[in-house]
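Spelled out from the first residue to the last, the chains are:
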Amino acid sequence: QELEEKSILKKIFHKIDEDGSGALTLDELESGAKKVSEFSQWLRVMDIDDGDLRQLFEIVDGDGSGEVDPQEFADAMFRMKNTEAKTATKFVKHLVTRLDNEAKDMRADLAVILAGLTERTEKALQMLEPQNQVVDKALTDTSTFKRTVSLEQRFQEQVPAIQRTVEVAMRK
């Protein structure tokens, strides 16, 4: 029965292979699901709809080449229909594995980005250090100036009293 079903699957494969290249692309698989009735029936038996075709293609394309050869197609489709407990289980497993791999890749990418940002931030802080010193000096100078102005204001407030004292002293 396995040989018979795989033979049928290879015939379906060749009907789906629109350009006759001996390899299926995702576009051909999607088109075949609509145009090739035997393939549509096979998908229906496995409870695979149009929304699942990309994931099906990724599962069937075991080597990740972006193309599926007749043997990959026949083996994977037969396995999913006959030996997997449920097609949905296979889909979920594939999806979880893909998401896990993507998460690992994202973590690695984020680590590289974070390292780059940290390095750039440290360089920017080093470049800003001379300006920070200028600002600190200006603040110190401003504080000194304010104290000087304050002392001068107090002196000016006391000038009339000093003048009166001098005038009184001069009269005596």
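The sections below set out a description of the structure shown in this document. (Residues numbered from 1 in each chain as written. Predicted model: local features only at pLDDT ≥ 70, side-chain atom pairs only at ≥ 80, totals over all residues. Heavy atoms only, no water.)

So, on to the pattern of salt bridges. Side chains that differ in sign of charge can pair as their charged atoms come close. Counted under the stated rule, the structure contains 7 salt bridges. Lys6 serves as the salt-bridge partner of Asp75, at 2.9 Å between the closest nitrogen and oxygen. With Asp75 in helix α5 (residues 70–82) and Lys6 in helix α1 (residues 2–16), this pair connects stretches of sequence that are 69 residues apart. A salt bridge links Arg171 to Glu167; its shortest N-O distance comes to 4.0 Å. (Salt bridge = Lys/Arg side-chain N within 4 Å of Asp/Glu carboxyl O. Helix = DSSP H or I, 4+ residues; strand = E, 2+ residues; numbered from the N terminus.)

Looking at where Lys34 falls in the secondary structure, it is placed in helix α2 (residues 26–35). In the structure, Lys34 is positioned 136 residues away from Met170 in sequence and 119 Å away in space, judged by C-alpha atoms.

So, on to the packing of aromatic side chains. Tallying each qualifying case throughout the model produces 2 aromatic pairs. Aromatic side chains Phe39 and Phe73 sit 5.8 Å apart centroid to centroid with 50 degrees between the ring planes, which places their arrangement in the tilted category. In this pair, Phe39 sits in helix α3 (residues 37–45) while Phe73 sits in helix α5, placing the two residues 34 residues apart along the sequence. Across this residue pair, the class does not change: Phe39 and Phe73 are buried. Among the aromatic residues, those joined into a ring-pair cluster are Phe13, Phe39 and Phe73. (Phe/Tyr/Trp six-rings, centres within 6.5 Å; stacked < 30°, edge-to-face > 60°. Buried < 20%, exposed > 50% of the residue type's maximum accessible area, 1.4 Å probe, protein only.)

Tracing the backbone shows Ser40 in helix α3. Relative accessible area serves as the criterion here: at 16%, Ser40 is assigned to the buried category. If sequence neighbours within four positions are ignored, Ser40 has contacts with Gly32, Ala33 and Lys34. (Contact = heavy atoms within 4.5 Å.)

What follows concerns the nonpolar core. In terms of nonpolar packing, the biggest core is built from 26 residues, with Leu9, Phe39, Leu43, Leu56, Val60, Phe73 and Met77 touching the most fellow members. Of all elements in the fold, only α1, α2, α3, α4 (53–60) and α5 reach the threshold of two or more residues within this core. Among the elements that line this core, the one with the most residues is α5, at 6 residues. Apart from residues lying up to four places away in sequence, Met77 is in contact with Leu9, Phe39, Trp42, Leu43, Met46, Leu56 and Val60. (Core = buried A, V, L, I, M, F, W, Y, C linked by side-chain atoms within 4.5 Å.)

Once that is clear, we can look at unusual backbone geometry. In this structure, Asp47 takes a positive phi of about 60 degrees despite not being glycine. Relative to the helices and strands, Asp47 is located in the loop between α3 and α4. According to the relative accessible area criterion, Asp47 is exposed, its value standing at 67%.

Let us look at the packing of α3 against α5. For the pair α3 and α5, the least separation of the axes is 10 Å and the interaxial angle reads 40 degrees. Crossing of α3 over α5 shows left-handed handedness. On the side of α3, the interface is formed by Phe39, Trp42, Leu43 and Val45, while α5 contributes Phe73, Met77 and Lys81. (Axes fitted to C-alpha atoms, helices over the stretch in contact; angles between N-to-C directions. Left-handed = near helix turned anticlockwise from the far one by under 90°.)

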